[in-house]
Every structure is written in structure tokens, then in C-alpha cells.
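# What the coordinates show
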Amino acid sequence: MMLTTDTGASESNPLREGLPRTRVPEPCAVVLFGATGDLTHRKLMPALYNLARDGHLPAECAIVGYARRDWNDETLRREFAQTLPAAIGPGFDEFWPSFAPLLAFSGGTFDDPAGYDALRTRLEALDAVRGTRGNRLFYLAVAPEYFATIIANLGRAGLIHPTDPPSPWSRVVIEKPFGHDLASARELNRELGHVLSECQVYRIDHYLGKETVQNILALRFGNAIFEPIWNRRHVASVQITVSEELGMAGNRGSYYDGSGALRDMVQNHLMQLLCLVAMEPPVDLSADAVRNERVKVLDALPRWSPRDVYANVVRGQYAAGSIQGTEVVGYHAEKGVRPDSATETYVAIRLMLDNWRWAGVPFFLRTGKRLPKRATEIAIQFRKPPTTMFEVDAGESAGANLLVLRIQPNEGASLAFQAKVPASRRRLQEVRMDFRYGTAFAVPPPEAYERLLLDVMLGDPTLFTRTDAVESAWRFCTTILEAWQRPEATPNAVYDAGTWGPAEADALAADASTHWRRL
Ligand code: BG6
């Protein structure tokens, strides 16, 4: 299951870490809605190719692209014969002849029932020819406004099987955003619920597919030394940073401008990181046990008034600046962005969880575009020793231990502690113990999408977000969004591209006698 640190290299490619071989799913057809789109090209098809090549897909498998275009099986295969090599790299040609026959195409629009009837007929034919046995994975790699339409049509066309055995399985994967606020998330969940049971819905948050994110639980609950000190008595504060150098890469401007950092990153990725750092030990690693504990963290998020929001949340937007010596434009000059847009590209939040373990411990969350570098990390700042008998450097956290979990890049963890400076009598200096995935395991971890797609095929929802968690995270974020809409709300603070965000965010940390880490 998800927390194994299996290091067995696959037979076909010794440089790739193998997902455990015991995890071969049942025969099935994978249907990709949005087969001609960006996500399918960049992530989904490469992940399926790698899974197939490394022996993780069942022998009886079909991958069916569904899209509006006037394509056929051959056109689809030609398309990916051209675009996949860049994603796969050297060695593509060797496995392509085995992979190409898995690909099939079924044409149709998202709202025309005839397209779904044709899809059903095609899938039944593939059941007979390829032995896919009626099991279906529908991946909705489409804009969220199509989710409800596609799911309703799948239901109408009889493509969703009942959940009780011996019926074959049907699973539907959707990508964020799951709504744009609490009300719309509830409405979406209600619409999904007309056709699907909770156990058939897989909401992807690709952060949960990252090996280093899964390792948070391994570190916490696979070792005995951390858990006794993982609480308010020993932890002074926690910082979670997801910093990005990128601005509006590609054509993302218009999507992002309707979303902003809170919806795009905080409601999902940062909330999931918070859950894994703050949750109680689950009774075991079953999906229910882990997801129950994750959602309890979200339920313990504060219930804020607008004033609390203004005191604890800073939003910002980047102006022109320079990133590693390259001049970049400000947010308003990005393609697809409204010239007077008030969308935030940076958010910093200080919050306390209202529960027994964490009461009184500030959690600092921040994320932003056009910050100096791409870095995701979680820093646990421990309290200082109760008395000082040594000489330590000045500063509010001087002498305290710091555990940093580096999610990406330079994946690993480090623990800062004090050591006596040689030949001095009482002088201490901070030193670090460092663990790096690259050197410890010597093989790169699997891509998040490979892990997640495989888990859907295996019917393991542990790394996916349940309805209650989506709604709980939205409850918190909607309070912030609503406060920002009020007339008294302070507008975005401006920061220059290439800096660590607006100065206003520093005050959040300073009020709690700490400072944001410079990564
Ligand atoms: C996506 C966001 O979910 O995550 C993007 O929509 C963001 O705006 C991306 O850039 C970050 O993912 P990663 O894996 O590169 O940290």
C-alpha cells in the first residue's frame, strides 16, 4: 500500500523505482475524456505508458480516448507516436509497438447522448476482444464545467455499474477544482451523488501522489522518536511553503485569473500537506482510517470572522521583476489576465488548529507564483531548551531544533541541532543531519500520476480526497474568499517578481515572534 518504500527497480528499466509488482490490477478499460488535451499529453498518457512498460497494467487492458475530434484509432496512435517520445525519453521506440495496440478512440461531444451510446458499444466490443471484463475507469481530464454533464451522460448510457459484486467496477476520476467555493462544491457533490457512490469517485490531488508527501506519514508513524514530541508541548510553530518560480506558464493566464492562489493551491495542496503533518495516528493504513484522520484536521480549522481573516491572511499579486537574472512581466501583463485583475498570486495564512494536540501552535502557510525559486517544504520548529547553560547565537529560535521535510526539489529531510564548537567551553553552533532521497535510494521515485492511476485501477482511494474533506477545506477557504469581497477588505499587497512575497506577510510571522524561512 501507499507507504511502502519499495526500492526494487523494474525489470524493464533498472533506473526507475518499481511500484510493487504485487499491485497488478484487474482487467479494465481506461477511458480518457479530454484525450486530445494538455493533461492527457503531459501526464496521463506518459503515466499509462510507463505503467504498461513496467508491467503494472493488466495484460487485458484498453485505453480509450474520447473527444470531439473526427479521429479513429489510427489517428490517436499517430498523435501519441509523435508527442509521447518527448515525455518518455530514450527507449520509447522499444515498447511503443506493444503499447500502441492498447489505444482506441471513440468520438463524441460531452453533451451528446449518441457519443456515449457509441462509447458503450465500443467498450463492449473491447470487452470481447481485449478481455477487459466490463471494468471501467473514466478519467475526466476536462474543464470542471463538464464534470456534471459527463457523469450524468455516463449514468444515462448505462456506463456506471452498480457497486455490489459480482458487478464489474466503474470508477470516475476528477481533477480539481472541485467547485469554486463551498456552495458549488456541495452542488457538484450532489450531482455526482445522483449517479455515483462515494466509493466510485476518485478526486485527484497530485500532491498526495508525490512520494515525499507520502513519506510524511512514514516519518511520523514509522519511527518512534518523532511522535512523542509532535505536539503543542514541544512544537513552537510549523511552516508550510509551496513556492513557485513560474508565473502564468503556457496558456494558464485565463484559468488562473478566474481562480487565484487560494483556490488553485491552498484549498487542495496546502490543506493536504497540513492534514498529513497535523493528523492523529490512524489505526492502520486503510483508506478509511487515513482519510478519517485527515478530515479531522480540516474540521479543526478555525471558524473566522472577516476581522480574523484580515488579521491572519495576506494576499498579494506580483509586479514586474527579475527571476534569477531574467526580467519578467507583472501579473497584469500576463496573457489571459484581465488588466485590472484583483486575483491573488500569493497567499500567506497564520492559523491555529482547534484541537487537543495543536491548540496554541501557529501554523504558517504560504504559496505564491513568481517567488525566487521552486521549493515545497514543511518546517517544524521545536521549542528551545527550558534553560540556557550554553552560549548560542542570538535570535528568537536560536538553540531550538528544526526539522525540515523537503517535498521538492532536493527531496529529503534535515534536522538541525546544536553541537559544541570544538575547543570552546560553552559555545554552541547549529549543525544538520541530512537525508536525501537521491543518495539514500539511488533511484528516482515514480511519477505522482503513475501511482495515482494505479491506485484507481486497484480500487485504493487512500490518496484521493473524500467528499467531506473537500467540503471542509472549502468551508475554511470560502470564509476567506467572502471576507475578501467585503468593502473593508484590504486589496492585494504588491510584491516584485523574484522576491519572497509582500512585506505585509512578514508581520504575520513577526506577531508570533518568528519569521518566514528564506529557502
Ligand atoms: C497545480 C496548480 O495544481 O499545481 C498549478 O494548478 C501549480 O498552478 C501546480 O503550478 C504545482 O504543482 P507541482 O507538482 O509542480 O508543485
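As a reminder, the structure under discussion sits directly above these lines.
These lines cover the structure that appears in this document, whether it is placed above or below. (Residues numbered from 1 in each chain as written. Predicted model: local features only at pLDDT ≥ 70, side-chain atom pairs only at ≥ 80, totals over all residues. Heavy atoms only, no water.)

## What about unusual backbone geometry?
With glycine set apart, most residues show a phi of negative sign, and most peptide bonds adopt trans. Residue Pro177 is bonded to the preceding Lys176 through a cis peptide linkage, with omega at 5°. Secondary-structure assignment places Pro177 in the loop between strand E5 (170–175) and helix H6 (182–195). Not every positive phi belongs to a glycine, and Arg133 is a case in point at roughly 60°. When you line up the elements, Arg133 lands in the loop between helix H4 (113–130) and strand E4 (136–140). Residue Arg133 is classed as exposed on the basis of its relative accessible area, which comes to 57%. Non-glycine residue Ala423 carries a positive phi angle of around 75°. Residue class for Ala423 comes out exposed when judged on its relative accessible area of 85%. (Helix = DSSP H or I, 4+ residues; strand = E, 2+ residues; numbered from the N terminus. Buried < 20%, exposed > 50% of the residue type's maximum accessible area, 1.4 Å probe, protein only.)

## A short note on the packing of helix H5 (residues 147–156) against H6
Axis angle and axis distance: for two packed helices, these are the angle between their axes and the distance between the axes, and together they describe the pair. The interhelical angle for the contact between H5 and H6, taken along N-to-C directions, is 10°, at an axis separation of 9 Å. It follows from the interaxial angle that H5 and H6 lie roughly parallel. The residues of H6 that touch H5, namely those facing Phe147, Ala148, Ile151, Ala152 and Gly155, are Leu188, Glu191, Leu192 and Val195. (Axes fitted to C-alpha atoms, helices over the stretch in contact; angles between N-to-C directions. Parallel < 35°, antiparallel > 145°, perpendicular 65-115°, else oblique. Contact = heavy atoms within 4.5 Å.)

## Structural notes on the environment of Thr376
Positionally, Thr376 belongs in strand E13 (residues 375–382). With a relative accessible area of 1%, Thr376 lands in the buried category. Sequence spacing of Thr376 and Ala505 is 129 residues, and the spatial spacing of their C-alpha atoms is 18 Å.

## Description of the sheet that holds strand E3 (residues 103–107)
Ordered in space as E3-E2-E1-E4-E5-E6, the six strands form an open sheet in which the pairing is parallel. A single partner strand is all that each edge strand has here, and the edge strands are E3 and strand E6 (201–204). Strand-to-strand, the axes of this sheet are offset by a mean angle of 20°, without reference to chain direction. Summarising the sheet, strand E1 (residues 28–33) and E4 pair through five bridges and their orientation is parallel. Note that in E4 the partner of Leu32 across the bridge is Tyr139. (Pairing = 2+ DSSP bridges.)

## A short note on the site of the ligand
Taken together, Lys176, His206, Tyr207, Lys210, Glu244, Arg252, Asp264, Met265, His269, Lys369, Arg374 and Gln408 make up the full set of residues near the ligand. The separation between an oxygen atom of the ligand and a polar side-chain atom of Lys176 is 2.9 Å. Measuring from an oxygen atom of the ligand, one finds a side-chain N or O atom of Arg252 at 2.7 Å. Contact with the protein chains covers 81% of the free accessible surface of the ligand, which is 390 Å². Top element by residues in the shell around the ligand is helix H9 (residues 261–278). It accounts for three residues. (Near = heavy atom within 4 Å. Polar contact = N/O pair within 3.5 Å; in protein donor to acceptor, adjacent residues only side chain to side chain. Areas by Shrake-Rupley, 256 points an atom, 1.4 Å probe, with all protein chains shown as cover.)

Taken by themselves, the reported measurements are silent on function.
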